[in-house]
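# A closer look at the structure
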Amino acid sequence: MGDLASVLALSRTLADCTNFEDLVASVATNTRALIGADGATVVMQRHGRCHYVGEDAVGALWKGRDFPVGACVSGWAMTHRQQVVIPDIRNDPRVPQQLYLATFVRSLAMTPIERGGESIGAIGVYWASTHHATQQELLALRAIAESAAPCLLSVRAAATSRMAWRASPTAWKRSNRRGRCASSGALASPAPATSPGSSPARRATGSAARTRRWSRPRACTGWTGRRCCRRSGKS
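Residues numbered from 1 in each chain as written. Predicted model: local features only at pLDDT ≥ 70, side-chain atom pairs only at ≥ 80, totals over all residues. Heavy atoms only, no water.

### Focus on the overall build of the protein chain
Counting its regular elements, the protein chain contains eight helices and six strands. Mapped in sequence order, the helices and strands of the protein chain form the string α-α-β-β-β-α-β-α-β-β-α-α-α-α. Per-residue burial over the protein chain gives 34% buried out of 235 residues. Contacts spanning at least 24 positions in sequence make up 52% of the contacts within the protein chain whose residues lie at least 6 apart. As presented, the protein chain carries roughly 14000 Å² of accessible surface, and 53% of it is formed by carbon and sulfur atoms. (Helix = DSSP H or I, 4+ residues; strand = E, 2+ residues; numbered from the N terminus. Buried < 20%, exposed > 50% of the residue type's maximum accessible area, 1.4 Å probe, protein only. Contact = heavy atoms within 4.5 Å. Areas by Shrake-Rupley, 256 points an atom, 1.4 Å probe, with all protein chains shown as cover.)

### Considering the pairing of strand S6 (residues 118–127)
Counting buried positions along S6 gives nine out of 10 residues, so the element sits mostly inside the fold. Hairpin connection of strand S5 (residues 107–115) to S6: two residues between the antiparallel strands, including Gly116 at a positive phi of 65°. (Pairing = 2+ DSSP bridges.)

### A closer look at the confidence of the model for the protein chain
Per-residue confidence for the protein chain averages 78 on the pLDDT scale, and 64% of its residues sit at or above 70. Per-element confidence in the protein chain ranges from a low mean pLDDT of 50 for helix H8 (residues 229–232) to a high of 98 for strand S4 (residues 84–86). Overall, residues 186–193 carries pLDDT values under 50, and its contacts beyond four positions in sequence, including any with other chains, amount to zero contacts. Predicted confidence is poor over residues 220–225, with pLDDT under 50, and the contacts of this stretch with residues over four places away or in other chains come to 12 contacts. (pLDDT = per-residue confidence, 0-100.)

### Here we look at the pairing of strand S2 (residues 49–57)
Pairing between strand S1 (residues 39–46) and S2: eight bridges, direction antiparallel. For Gly39, the partnering residue across the bridge sits in S2 and is Ala57. The antiparallel pairing of S1 with S2 creates a hairpin that spans two residues between the two strands, and His47 there sits at a positive phi of about 50°.

### Notes on the sheet that holds S5
Across the sheet, which stays open at both edges, the six strands sit in the order S3-S2-S1-S6-S5-S4 with antiparallel pairing between neighbours. For this open sheet the edge positions go to strand S3 (66–68) and S4, each flanked by a neighbour on one side alone. For this sheet the average axis-to-axis angle between neighbouring strands, irrespective of direction, equals 20°. Bridge analysis of S2 against S3 gives three bridges, and the strand direction is antiparallel. (Axes fitted to C-alpha atoms, helices over the stretch in contact; angles between N-to-C directions.)

### Regarding the environment of Arg46
Inspection of the secondary structure assignment puts Arg46 in strand S1. Put simply, Arg46 and Pro68 are 22 residues apart on the chain and 9.8 Å apart in space, counted from C-alpha to C-alpha. Of note is the side chain of Arg46, whose polar atom sits 3.4 Å from the side chain of His47. (Polar contact = N/O pair within 3.5 Å; in protein donor to acceptor, adjacent residues only side chain to side chain.)

### Looking at unusual backbone geometry
Despite not being glycine, His47 shows a phi value in the positive range, around 50°. In this structure, His47 sits in the loop between S1 and S2. Overall, the relative accessible area of 72% leaves His47 in the exposed class. At Arg81, a residue that is not glycine, the phi angle is positive and equals roughly 55°. Overall, Arg81 belongs to the partly exposed group, its relative accessible area being 43%.

### Quick word on the packing of aromatic side chains
Under the criterion given, the structure shown has four aromatic pairs. Aromatic side chains Tyr52 and Phe67 sit 5.8 Å apart centroid to centroid with 75° between the ring planes, which places their arrangement in the edge-to-face category. Here the residue Tyr52 occupies a position in strand S2, and Phe67 occupies one in strand S3, the gap between them amounting to 15 residues. Look at Tyr52 and you get buried, because its relative accessible area is 4%. Using a relative accessible area of 8% as the deciding quantity, one classes Phe67 as buried. (Phe/Tyr/Trp six-rings, centres within 6.5 Å; stacked < 30°, edge-to-face > 60°.)

This is the structure:
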């Protein structure tokens, strides 16, 4: 059964994962070991579906498959943002019996993974016999989910970026360049402000004076103002 020291050690392990597949595999394997269950799964929610992305169990579960949020226990936990404890799957209407017939599962507990006020996934643990998850087990599952949430989001974002690069390197570079330009534009120095005592009339007068100084005759060096003195006949 997971204790605080074990959960903290798991948090450090997850923080070192840089690959999404390795991360979800680590979450599933360590959760199963810490809770002492017969199986564990990691579920991610996307576009209204629950994607089973990782598992570690005595028998095959649903890794690689996805189901509508409203058609599985993980979806119920994410939608209601509550932990679910089911001591016997045969007696709970939230369990899609047809999905469990070919598995070893007889009881389970499901914990939503939350970040920023919304559920992004869930962690499920399963037993081959009837079992009512204890309060200590539920607390450990909640701590594991909280530790996994930022890691899952960070690594998933990196994986999505790599997929976008492979699909279209040119579009990926263009998108990143736009983002950098927008950032640099926000940090650019503002245009210099005019002095408090300046006015359009004064600025126009100053401009005219500068123009006159530029056009004023001077010793011939080949050019006077914008006209060549040699061409104009001036000396």
